[in-house]
Amino acid sequence: MTSRIIPFLLLGTAACQQAPKADKAAVSEPQAVSTPTDGHTMRLDTAACTLLWIGTKPTGEHRGSFQFQDGEIFVKDSTVTGGNFTINIASLRNLDLNTQPDMKRQLEDELKGANFFDAAQFPTAKFEVTEVTPYHPAANDNSVLLKDATHMIRGNLTMKNATKNITFPAKIVFEKGKVRAAANFNIDRTQWGMTYRADKSLQDKLINSVVNIQFELITR
C-alpha cells in the first residue's frame, strides 16, 4: 500500500504543477550566530504561531503544517536583532486528506521517515537568525513578492544533519507590546539532503524539490 501512495506524496515539481509563486530563499553556507547582549528577549507564543508547507507533484499538491516547539526573539529599541526557533518534526500534519484518513496517515508516516525528515533520528529542526536588515524597496522594484515586506531575514536552517544559511523577506511589526512576523518563500529540499524522487527524469513519479513555506510568528 505504501509503495502505491508514494507518487502522491508532498514536495514535488513538474510541468503540470509548480510550487506556489513566492520569493525564492537564497541559500549559502552557515554563518556565525551571536546572541545579542543588550535589549530584551521575547518568547514565542507557540500556540498562536503557524508554520505551513505546500508541496507539489505532476498532478497536484499537498498542504500541511508543523508546530513550533519553542523560540525567542531578541529586541532592542523596537528593533528585532535576532532570534532562534525550534520546530517539532513529529508534529508534521497533512491538511488536505482529512476525508481519506488511511492515505493521510501513510503520507505523514512517509514524510517523517528516512526518505524525508527522518523524525526518529532528527526530532527537531532549528532556525537561528544571523542578521536582520530593514527592507526599503526602490520605486518600481518588484524583486520581492511578499506584500508589505519590511525586513530581510538571514539565518541558519538546520534540518536532519545539514545546516544552510537562508535569506528571505519578512514582514515584522510591533503591535500592543508584541512582535508579529510573517513570511512566504520557497526552498529546495535537496539542499538538506532530501533528494528522494527529486530527479525530473522520473516524470509522473517526480516529487518537486521546491517546497513552499509560510509562517506567522507572534510573541507572548
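These figures come from a predicted structure and were not determined experimentally.

Rules of the game
- Residues numbered from 1 in each chain as written.
- Predicted model: local features only at pLDDT ≥ 70, side-chain atom pairs only at ≥ 80, totals over all residues.
- Heavy atoms only, no water.
- 1 Å grid on protein atoms, 1.4 Å probe; cavity = no way out; pocket = protein on both sides within 12 Å on 5 of 7 lines; lining within 4 Å.
- Points joined across faces, edges and corners; volume = space filled by probe spheres on them.
- Helix = DSSP H or I, 4+ residues; strand = E, 2+ residues; numbered from the N terminus.
- Nonpolar A, V, L, I, M, F, W, Y, C, P; charged D, E, K, R; others polar.
- Phe/Tyr/Trp six-rings, centres within 6.5 Å; stacked < 30°, edge-to-face > 60°.
- Buried < 20%, exposed > 50% of the residue type's maximum accessible area, 1.4 Å probe, protein only.
- Pairing = 2+ DSSP bridges.

1. Comments concerning the layout of surface pockets
Then comes step 1: Of the volumes computed, that of the largest pocket is approximately 160 Å³.
Then comes step 2: Lining the largest pocket, in full, are Ala48, Thr50, Lys171, Val173, Arg180, Ala181, Ala182, Glu216, Leu217 and Ile218.
Then comes step 3: Looking at the lining of the largest pocket, the elements with two or more residues in it are β9 (162–175), β10 (178–188) and β11 (210–218).
Then comes step 4: Among the residues forming the lining of the largest pocket, the class breakdown is six nonpolar, one polar and three charged.

2. Comments concerning the packing of aromatic side chains
Then comes step 1: This model, assessed by the stated rule, comprises eight aromatic pairs.
Then comes step 2: Ring geometry for Phe66 and Phe117: centres 5.4 Å apart, planes at 75°, overall edge-to-face. Of this pair, Phe66 sits in strand β5 (residues 60–76) while Phe117 is found in the loop between α2 (101–112) and β7 (124–134), placing the two residues 51 residues apart along the sequence. For the pair formed by Phe66 and Phe117, the shared burial category is buried.
Then comes step 3: Taking 6.5 Å as the distance between ring centres and 70° as the angle between the ring planes, the aromatic pair formed by Phe68 and Phe85 counts as edge-to-face. Within this pair, whereas Phe68 is found in strand β5, its partner Phe85 is found in strand β6 (residues 79–94), the two being separated by 17 residues in sequence.
Then comes step 4: Judged by its relative accessible area of 10%, Phe68 falls in the buried class.

3. Section: the pairing of strand β4 (residues 50–57)
Then comes step 1: By the criterion of burial, β4 is predominantly enclosed, with six of the eight residues buried.
Then comes step 2: As judged from the five bridges shared by β4 and β11, these two strands associate in the antiparallel manner. In the strand pairing of β11, Leu51 is matched with Phe215.
Then comes step 3: The pairing of β4 with β5 spans seven bridges and is antiparallel.

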